[in-house]
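# Fold and contact review
Here is what each chain is made of, one letter per residue.
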Amino acid sequence: MQKLNDLSRSPSPLDPDGTLIAVIELSLSSWLVAGIVPGVERQPLKKLAVDESALLKLLHRWREEAAKAGHRIKRIAVAFEAGRDGFWLARWLSARDIEAHVIHASSVAVSREHRRAKTDRLDTELLKRSFLGWLRGERDHCKMVAIPTTQDEDAKRPNREHESLVGEQSRIVNRMKAALIRLGIRGFNPKLKKAAERLDGLRTPEGEPIPPNTLAELRRDMVRRRLVSDQIRQIEDARRERLKQAPSDGPHAMVRLLARVIGVGVETADMLVQEVLSRSMRDRRAVARYAGLTGSPDESGRKRREKGLSRSGNARVRRGMIQLAWRFLMFQKDSTLAQWFRARTESARGTRKTMIVALARKLLIALRRLVREGVVPDGVVLRPA
C-alpha cells in the first residue's frame, strides 16, 4: 500500500496507449522538449523559445498526431527538473488540465564515468527513462518535489530576505572593521548611533587622521548599513503585525506556539514553520531527510564508515536547527533531550559536534509533534501563552 505523500512513484496506473509523456530540459535561453507519443514510432524532440504558449501548442500537436495514429490521448504527463524556474510552469500547466511534475534533481542517477558526454539531448533521454519508470510505479527511478502554491512560496520570502539582509549587514560591518584595522585602529564599533560623528576624531597610531578616500568609503558603508538595518526592522515589524492580525491562522498559530518554547525566537520559529513544519510529510524520517540531518554511510564489504551529513536537504533548516540545538542546551537544561545529550558526551571526548546533529534531528521531530499534535517535549519549559 502506498504511503501518504509518497512522491517516489506515481499514484495512478500508467496506460501507455492513452498517455502522452513529455519531459523538458529548461534553460534561460531555450527549452528542449522530448516526447513519447503513442502510435508514433519516432520519439520527437523539439527546441522552443522560453514560451509556455508554444509548449502548450506543441503538446496539443503531438496529441493530434497520436489521434491520427488511432490512439485517443486521455492523459498528458509532463515533467522537468527542479531548478531556477521554480514551480510556476507546473502550476500553469496544471491549470490547463495537463499533469505536471517536478523531478528532484538529486534523485536522478547519472553515469559515474570520469568524463561523460553532457548535452541537453542526453539529459532529456535520461529524464524520459526516469520519468517513465516513475509513471509505471517502479521505486527509486526518481522522486518528485511537492509543488507549492504561490501563497506558500510567498510566505517564505520575508524570512529568506531577512537572512540575506542580516548576512549583508555583517559583511558591511566586517568590511569597515577591516578598513580601520589596516590603519591600526581597533576597538571602534561602527554599529553605534554616533559612529559617523566619531570618525573625524579617530587617529592612527602615528597620530594621523583617517585618509580621505578611506573616510569616504567608511561613510558610504555606514549609510548602507543603516539602510539594511532599517529594512530588517521593517520585515520584523511586518511579521509581528501579521501575527497580531491573524493569530489563529494555521502557520501563525504554529509560530506563536513555537515561540513559547524558551530558547526559540520568533525569527527561528517563523523559519521552521514556513520551511518545514507546515509541509505535509510522510513520517519523521522524511522530516529529518528534508532537513539534511541524516547521515551518508559508506559501506562496501568490510569497509564501514560514516561520511557525515548528506547535505541534500534544506540548508536553511539544517543551519537553523544546529544553532537552535546549541541554544536549547543553554535554555532547556532540565529537558529530557538535553539530559540525553549530556549523558552521551560528558565522558566521551570529541563527540559533541557529532551528537549535536543527532540532538538537532530529535529536536526537530519533537517540535513537529508539538505544533501538530500539541505534545510538549518532556522537561521543556514554555513561556506563558
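So, here's what we can say about the structure. All figures in this text were calculated on a predicted structure; none of them were measured in a lab.

### Focus on the packing of helix α7 (residues 250–259) against helix α8 (residues 266–277)
For the pair α7 and α8, interaxial distance at closest approach is 8 Å and the crossing angle is 135°. Compared by their axis directions, α7 and α8 come out oblique. In this structure, the crossing between α7 and α8 has a hand that is right-handed. Counted together, P251, M254, V255, L258 and A259 of α7 and V266, A269, D270, L272, V273, Q274 and L277 of α8 form the full contact between these two elements. Across the contact of α7 with α8, the residue classes tally to ten nonpolar, one polar and one charged.

### Some details on the side chain of R75
Relative to the assigned elements, R75 resides in strand β4 (residues 75–81). Under the relative-accessibility criterion, R75 is labelled buried at 13%. At a separation of 3.3 Å, a polar atom in the side chain of R75 contacts the main-chain carbonyl oxygen of P13. There is a polar contact of 2.7 Å between the side chain of R75 and the side chain of E99. Excluding anything up to four places from it in sequence, R75 contacts S10, S12, P13, L14, G18, T19, L20, E99 and L135.

### What about the packing of aromatic side chains?
All told, the structure shown has three aromatic pairs when counted by the stated rule. Ring plane angle 40° and centroid distance 6.3 Å describe the contact between W31 and W88, whose orientation is recorded as tilted. Of this pair, W31 sits in strand β2 (residues 30–36) while W88 sits in helix α2 (residues 88–94), and the two are 57 residues apart along the sequence.

### A look at the layout of surface pockets
A volume near 400 Å³ is recorded for the second largest pocket. Taken together, 14 residues form the lining of the second largest pocket, with L337, K362, I365, A366 and R369 sitting closest to its centre. Among the elements of the structure, α11 (336–345) and α12 (352–373) are those that each provide at least two residues to the lining of the second largest pocket. The leading source of residues in the lining of the second largest pocket is α12, at six residues.

### Considering the pairing of β2
Most of β2 sits out of view: six of its seven residues are buried. Strand direction decides the pairing type here: strand β1 (residues 19–26) and β2, joined by six bridges, are antiparallel. Looking at β2, one finds that I21 is bridged to I36. Here β1 folds back onto β2 in antiparallel fashion, the turn holding three residues.

### Focus: the nonpolar core
Counting 40 residues, the largest nonpolar core has L258, L272, M321 and L364 as its most contacted members. Listed by contribution, the elements that provide at least two residues to this core are α7, α8, α9 (284–290), α10 (315–331), α11 and α12. Among the elements that line this core, the one with the most residues is α12, at twelve residues. Filtering out sequence-adjacent residues up to four positions away, L258 remains in contact with V264, A269, L272, V273, L277, L367, L370 and V371.

### Quick look at helix α1 (residues 52–68)
Note: α-helices contain 3.6 residues per turn, so residues at a spacing of three or four share the same orientation. In a regular helix each residue adds 1.5 Å, so 17 residues correspond to 24 Å; α1 covers 25 Å between its end C-alpha atoms and thus fits that length. Looking at α1, one finds that the buried residues are L55, L56, L58, L59, W62 and A66. What you see down the axis of α1 is that its buried residues fit within an arc of 160°, all on one side. Facing away from the buried side of α1 by more than 90 degrees, the exposed set consists of K57 and K68.

### Description of the packing of α8 against α12
Between α8 and α12, the least distance of the axes is 12 Å, while the angle of their chain directions is 90°. Considering the angle they form, α8 stands roughly perpendicular to α12. Residues L272, V276 and L277 of α8 form the contact with α12, whose own contacting residues are L364, L367, R368, V371 and R372.

### Here we look at a positive patch on the surface
A surface patch of like charges, here positive, comprises K143, R284, R285, R289, R344 and K362. It is α9 that contributes the most residues to the positive patch, three residues altogether. Take R344: it is sitting in helix α11. A residue is classified by how much of its surface remains accessible, and R344, at 43% relative accessible area, is partly exposed.

What counts and how
Residues numbered from 1 in each chain as written. Predicted model: local features only at pLDDT ≥ 70, side-chain atom pairs only at ≥ 80, totals over all residues. Heavy atoms only, no water. Axes fitted to C-alpha atoms, helices over the stretch in contact; angles between N-to-C directions. Helix = DSSP H or I, 4+ residues; strand = E, 2+ residues; numbered from the N terminus. Parallel < 35°, antiparallel > 145°, perpendicular 65-115°, else oblique. Left-handed = near helix turned anticlockwise from the far one by under 90°. Contact = heavy atoms within 4.5 Å. Nonpolar A, V, L, I, M, F, W, Y, C, P; charged D, E, K, R; others polar. Buried < 20%, exposed > 50% of the residue type's maximum accessible area, 1.4 Å probe, protein only. Polar contact = N/O pair within 3.5 Å; in protein donor to acceptor, adjacent residues only side chain to side chain. Phe/Tyr/Trp six-rings, centres within 6.5 Å; stacked < 30°, edge-to-face > 60°. 1 Å grid on protein atoms, 1.4 Å probe; cavity = no way out; pocket = protein on both sides within 12 Å on 5 of 7 lines; lining within 4 Å. Points joined across faces, edges and corners; volume = space filled by probe spheres on them. Pairing = 2+ DSSP bridges. Core = buried A, V, L, I, M, F, W, Y, C linked by side-chain atoms within 4.5 Å. Expected span 1.5 Å × (residues − 1). Arc of directions from axis to C-beta. Patch = residues over 30% accessible without salt bridge, like charges linked within 9 Å, V, L, I, M, F, W, Y side chains within 5 Å. Areas by Shrake-Rupley, 256 points an atom, 1.4 Å probe, with all protein chains shown as cover. Salt bridge = Lys/Arg side-chain N within 4 Å of Asp/Glu carboxyl O. Lys, Arg positive; Asp, Glu negative; His and termini not counted. Charge placed at Lys NZ, Arg CZ, Asp CG, Glu CD.

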